[in-house]
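Residues per chain are reported as follows:
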Amino acid sequence: MIVNNNTSPKNGPDSKSTIYGLRPVIEALESDIRVDCVYLQNGLGGPLAGTLKGLIRDKGIPFRFVPIEKLDRLAKGHHQGVVALISPIVYRQAIEFIPSISEGDKVPFLLMLDHVTDVRNFGAIARTAECAGIDAVIIPSRGSAQVTDDAVKTSSGALLRLPVCREDNLKTTINLARQCGFQIVAATEKGADSYLSVDYRKPTLLIMGAEETGISPELLKMADFRAQLPILGQVQSLNVSVAAAVFMYEALRQRAMAN
């Protein structure tokens, strides 16, 4: 069973937002349909469920066990304990995308989101990134907000225009960017560098972390700069979408002044 929610993205074909039912989801995983995440009912068992779980493991698809009430909200029909969310876009591959933009005339700028889980923040960041001319957003394949219908709506459609790379290993992606001549800038309140002291006229990969935990320590160690925004009030941090906007528009300002 498939529930349609068609859009007309610039970087992908029309999408179907959900697929539900054991056999339809198994068929989807065995085909080229882009499955973002699979929700399984708590305690789901049986031969078909075993086959489905094996496919999920083999293909590395993110999944979650949830109460039946959540599945009932996602699917209006007989879901048989499983609902798959389908991506409305075609994700880019960093191993191909990053080298290609490095060879162009434009100085590239990439934005990496390290486990930003709030869909509204993700959508707001993508909207600003598209407006600021960012070349791509990079997200992890697990533990992060994904490109769903809600994220697309929150981004005002920017996620249908902005290239998104979904990667299994962010460390590998950072190393690839560095090999292609990018400087790595980590946005962190613990940084020793002012965000104004970084020269964004160079090829740049900017890392933004989750509001609760910040950037992962292993990624923070890989940064060439640990840049912070000044905080003068009693609240010790900015919303991640606001902080990302400040960094991106400082980069835009520097690059505009250089032209």
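It should be noted that the structure appears before, not after, this text.
None of these values were measured; they are calculated from a predicted model.

Some points on the overall build of the protein chain
Point 1. Check the secondary structure of the protein chain and you find nine helices and twelve strands.
Point 2. In terms of C-alpha radius of gyration, the protein chain reaches 20 Å, essentially the compact-globule figure of 18 Å for 259 residues.
Point 3. Seen along its three principal axes, the alpha-carbon backbone of the protein chain occupies a region of about 60 × 45 × 30 Å.
Point 4. When burial is assessed residue by residue, the protein chain has 49% of its 259 residues classed as buried.
Point 5. For the protein chain, restricting intrachain contacts to residue pairs at least 6 apart in sequence, the fraction spanning at least 24 positions comes to 78%.
Point 6. When the accessible surface of the protein chain is totalled, it reaches about 12900 Å², and 50% of it is carbon and sulfur.
Point 7. Here the protein chain holds 28 positive side-chain charges and 27 negative ones, and the gap between their average locations is 2 Å.

Some words on the packing of aromatic side chains
Point 1. Across all of its chains, the model carries two aromatic pairs by this definition.
Point 2. With a centroid separation of 5.9 Å and an interplanar angle of 90°, the aromatic rings of phenylalanine 63 and phenylalanine 65 are classed as edge-to-face.
Point 3. Looking at phenylalanine 65, the relative accessible area reads 43%, which means it is partly exposed.
Point 4. Relative to phenylalanine 247, the ring of tyrosine 195 has its centre 5.8 Å away and its plane inclined at 65°; by these criteria the two rings are edge-to-face. Taken together, the positions of tyrosine 195 in the loop between β10 (193-194) and β11 (204-209) and phenylalanine 247 in helix α9 (residues 240-258) put the pair 52 residues apart, joining distant regions of the chain. For the pair tyrosine 195 and phenylalanine 247, a shared accessibility class is recorded, and that class is buried.
Point 5. Against the face of tyrosine 39 rests lysine 70, its NZ or CZ located 5.1 Å from the ring centre.

So, the nonpolar core
Buried together is how nonpolar side chains tend to be arranged in soluble globular proteins.
Point 1. In terms of nonpolar packing, the biggest core is built from 37 residues, with Leu111, Leu113, Phe122, Met208 and Phe247 touching the most fellow members.
Point 2. Those elements that provide at least two residues to this core are β6 (109-114), α5 (119-131), β7 (136-140), α6 (149-154), β9 (183-187), β11 and α9.
Point 3. Among the elements that take part in this core, α9 stands out by supplying six residues, more than any other.
Point 4. Core analysis: the second largest hydrophobic core is formed by 23 residues, Cys165, Ile174, Phe182 and Ile184 among them.

Some points on the pattern of salt bridges
Point 1. By the definition in use, this model includes six salt bridges.
Point 2. For the salt bridge of arginine 120 with aspartate 118, the shortest nitrogen-to-oxygen distance reads 3.4 Å.
Point 3. By relative accessible area, aspartate 118 is classed as partly exposed at 27%.
Point 4. As a salt-bridge pair, aspartate 224 and arginine 178 come within 3.2 Å of each other at their nearest N and O atoms. Pair noted here: aspartate 224 is in the loop between α8 (217-220) and β12 (225-228) and arginine 178 is in helix α7 (residues 170-179), with a separation of 46 residues, a long-range link.
Point 5. Arginine 178 sits in the partly exposed class, given a relative accessible area of 32%.

Quick notes on a nonpolar patch on the surface
Point 1. Side chains of Ile231, Leu238 and Val242 sit close together on the surface and give an oily, nonpolar patch of about 210 Å² of accessible area.
Point 2. Looking at where valine 242 falls in the secondary structure, it is placed in helix α9.
Point 3. By relative accessible area, valine 242 is classed as partly exposed at 41%.

Topic: the environment of proline 62
Point 1. Mapping proline 62 onto the fold places it in the loop between α2 (47-59) and β4 (63-66).
Point 2. On the basis of relative accessible area, proline 62 is assigned to the buried category, the value being 13%.
Point 3. For the pair proline 62 and valine 38, spaced 24 residues apart in sequence, the C-alpha separation works out to 6.5 Å.
Point 4. Residue contacts for proline 62: discarding those within four places in its chain leaves Asp36, Cys37, Val38, Ser141 and Arg142.

Notes on the pairing of β7
Point 1. By the criterion of burial, β7 is predominantly enclosed, with five of the five residues buried.
Point 2. Side-chain alternation along β7 places Ala136, Ile138 and Pro140 on one buried face and Val137 and Ile139 on a second face that is also buried.
Point 3. In this structure, β6 lies alongside β7, joined through three bridges in parallel fashion. Across the sheet, leucine 110 pairs through a bridge with alanine 136, a residue of β7.
Point 4. Note that the unit made of β6, α5 and β7 has a crossover that is right-handed.
Point 5. In terms of handedness, the path from β7 via α6 over to strand β8 (residues 164-167) forms a crossover that is right-handed.

Examining the packing of helix α1 (residues 22-30) against α2
Point 1. Running from N to C, α1 and α2 point in directions that differ by 25°, and their axes come no closer than 10 Å. As judged from the angle between their axes, α1 and α2 are roughly parallel. For α1 against α2, the interelement crossing comes out left-handed. Seen from α1, the contacting residues are Leu22, Arg23, Val25, Ile26, Leu29 and Glu30; seen from α2, they are Leu48, Ala49, Thr51, Leu52, Leu55, Ile56 and Lys59.
Point 2. Across the contact of α1 with α2, the residue classes break down as nine nonpolar, one polar and three charged.

Conventions adopted
- Residues numbered from 1 in each chain as written.
- Predicted model: local features only at pLDDT ≥ 70, side-chain atom pairs only at ≥ 80, totals over all residues.
- Heavy atoms only, no water.
- Helix = DSSP H or I, 4+ residues; strand = E, 2+ residues; numbered from the N terminus.
- Rg over C-alpha atoms; globule rule 2.2 N^0.38 Å.
- Buried < 20%, exposed > 50% of the residue type's maximum accessible area, 1.4 Å probe, protein only.
- Contact = heavy atoms within 4.5 Å.
- Areas by Shrake-Rupley, 256 points an atom, 1.4 Å probe, with all protein chains shown as cover.
- Lys, Arg positive; Asp, Glu negative; His and termini not counted.
- Charge placed at Lys NZ, Arg CZ, Asp CG, Glu CD.
- Phe/Tyr/Trp six-rings, centres within 6.5 Å; stacked < 30°, edge-to-face > 60°.
- Lys NZ or Arg CZ within 6 Å of the ring centre and 35° of its normal.
- Core = buried A, V, L, I, M, F, W, Y, C linked by side-chain atoms within 4.5 Å.
- Salt bridge = Lys/Arg side-chain N within 4 Å of Asp/Glu carboxyl O.
- Patch = residues over 30% accessible without salt bridge, like charges linked within 9 Å, V, L, I, M, F, W, Y side chains within 5 Å.
- Pairing = 2+ DSSP bridges.
- Right-handed = clockwise from strand over helix to strand, strands pointing away.
- Axes fitted to C-alpha atoms, helices over the stretch in contact; angles between N-to-C directions.
- Parallel < 35°, antiparallel > 145°, perpendicular 65-115°, else oblique.
- Left-handed = near helix turned anticlockwise from the far one by under 90°.
- Nonpolar A, V, L, I, M, F, W, Y, C, P; charged D, E, K, R; others polar.

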